[in-house]
Amino acid sequence: SQDALATAEAMAGLLSRDARTDRERLTADLIVRDAAAAIGLDGARFDLAGGACEIVCERRATAQALEHLLREAAGCAEAGARIQVRAQRRGARRVLSVATGPTGSRGNAPAGSLGALLARLLIEVQGAQIDIVRSPADGWTATVTFPNA
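What counts and how
- Here, residues in each chain are numbered from 1, in the same order as that chain's written sequence.
- Only residues with pLDDT of at least 70 get local features here, since the model is predicted, and only at 80 or more are side-chain atom pairs given and counted; chain-wide, interface and lining totals rely on the full set of residues.
- As a rule here, side-chain values cover all heavy atoms of the structure and leave hydrogens and water aside.
- Here an angle of 0 to 180 degrees is reported between the N-to-C directions of two axes, which are lines fitted to C-alpha atoms, with helices fitted over the stretch in contact.
- Secondary structure elements follow DSSP: runs of H or I no shorter than four residues count as helices, runs of E no shorter than two count as strands, and numbering proceeds from the N terminus.
- Convention used here: angles under 35 degrees read as roughly parallel, angles over 145 as roughly antiparallel, angles from 65 to 115 as roughly perpendicular, and any remaining angle as oblique.
- Take the far helix as your reference; a near helix turned counterclockwise from it by less than a right angle gives a left-handed crossing, and one turned clockwise gives a right-handed crossing.
- Contacts are assigned to residue pairs that have any heavy atoms within 4.5 Å of one another.
- Residues are sorted three ways: Asp, Glu, Lys and Arg are charged, Ala, Val, Leu, Ile, Met, Phe, Trp, Tyr, Cys and Pro are nonpolar, and all the rest, Gly among them, are polar.
- Think of a nonpolar core as a cluster: buried Ala, Val, Leu, Ile, Met, Phe, Trp, Tyr and Cys residues, connected wherever their side-chain atoms sit within 4.5 Å.
- The buried label applies to any residue whose accessible area, calculated with a 1.4 Å probe on protein chains only, is under 20% of its type's maximum; exposed applies above 50%, and partly exposed to all values in between.
- Paired strands are those between which DSSP finds at least two bridges.

Draft legend 1. Local environment of the packing of helix H3 (residues 59-76) against helix H4 (residues 114-124). The contact between H3 and H4 brings their axes to 8 Å, and the two run at 155°. Put simply, H3 runs roughly antiparallel to H4. Relative to H4, H3 is oriented so that their crossing is left-handed. From H3, Ala 61, Gln 64, Ala 65, His 68, Leu 69 and Glu 72 reach across to H4, where they touch Gly 115, Ala 116, Leu 118, Ala 119, Leu 122 and Ile 123. Along the lines of polarity and charge, the residues of the contact of H3 with H4 split into 8 nonpolar, 3 polar and 1 charged.

Draft legend 2. Focus on the nonpolar core. By size, the foremost hydrophobic cluster in this structure holds 34 residues, and its most contacted members are Leu 69 and Leu 96. Mapped by element, the contributors of at least two residues to this core are helix H2 (28-38), strand E3 (54-57), H3, strand E4 (83-90), strand E5 (93-99), H4, strand E6 (129-135) and strand E7 (139-146). Per element, the largest residue contribution to this core is 7 residues, and it comes from H3. Here Leu 69 is in contact with Val 98, Ala 119, Ile 130, Ile 132, Trp 140, Ala 142 and Val 144, once residues within four sequence places are set aside.

Draft legend 3. Examining the pairing of E5 more closely. By the criterion of burial, E5 is predominantly enclosed, with 6 of the 7 residues buried. The sheet contact formed by E4 and E5 spans 7 bridges and is antiparallel. In the strand pairing of E5, Ala 87 is matched with Leu 96. Looking at chain direction, E5 and E7 are connected through 6 bridges and run antiparallel. Within the sheet, the bridge partner assigned to Val 95 lies in E7 and is Thr 145.

Spelled out as structure tokens, the structure:
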């Protein structure tokens, strides 16, 4: 698919150089809205808190990872539900989370989906961490923790 090809290209670029040297300081608002627009996710489908929070990351890889995470969240969310995106500081680290509310049976998607795997690769190659939790009662949440700014 086009998504897998674009991700492979981003990964190849990251692996061929030190991803930490290509980092930029970007606002969460810019990264999230660009990723949402790239996948056609209407602004009415998600809420963004902490958009002014600055994140130091590799722009292309982070945007592609967020595209995968937003798609995953949209696929797990109940019909008409809004996706919650939150950016915040935790000490020197920056945390970006993408979450749905309770998902019922839709929250039982396999944890190793292709989108989640591609997002994990794109995030971890930058030295960041990602944790994805799924529960029909609590919903689907992906939490990305970026290293010290």
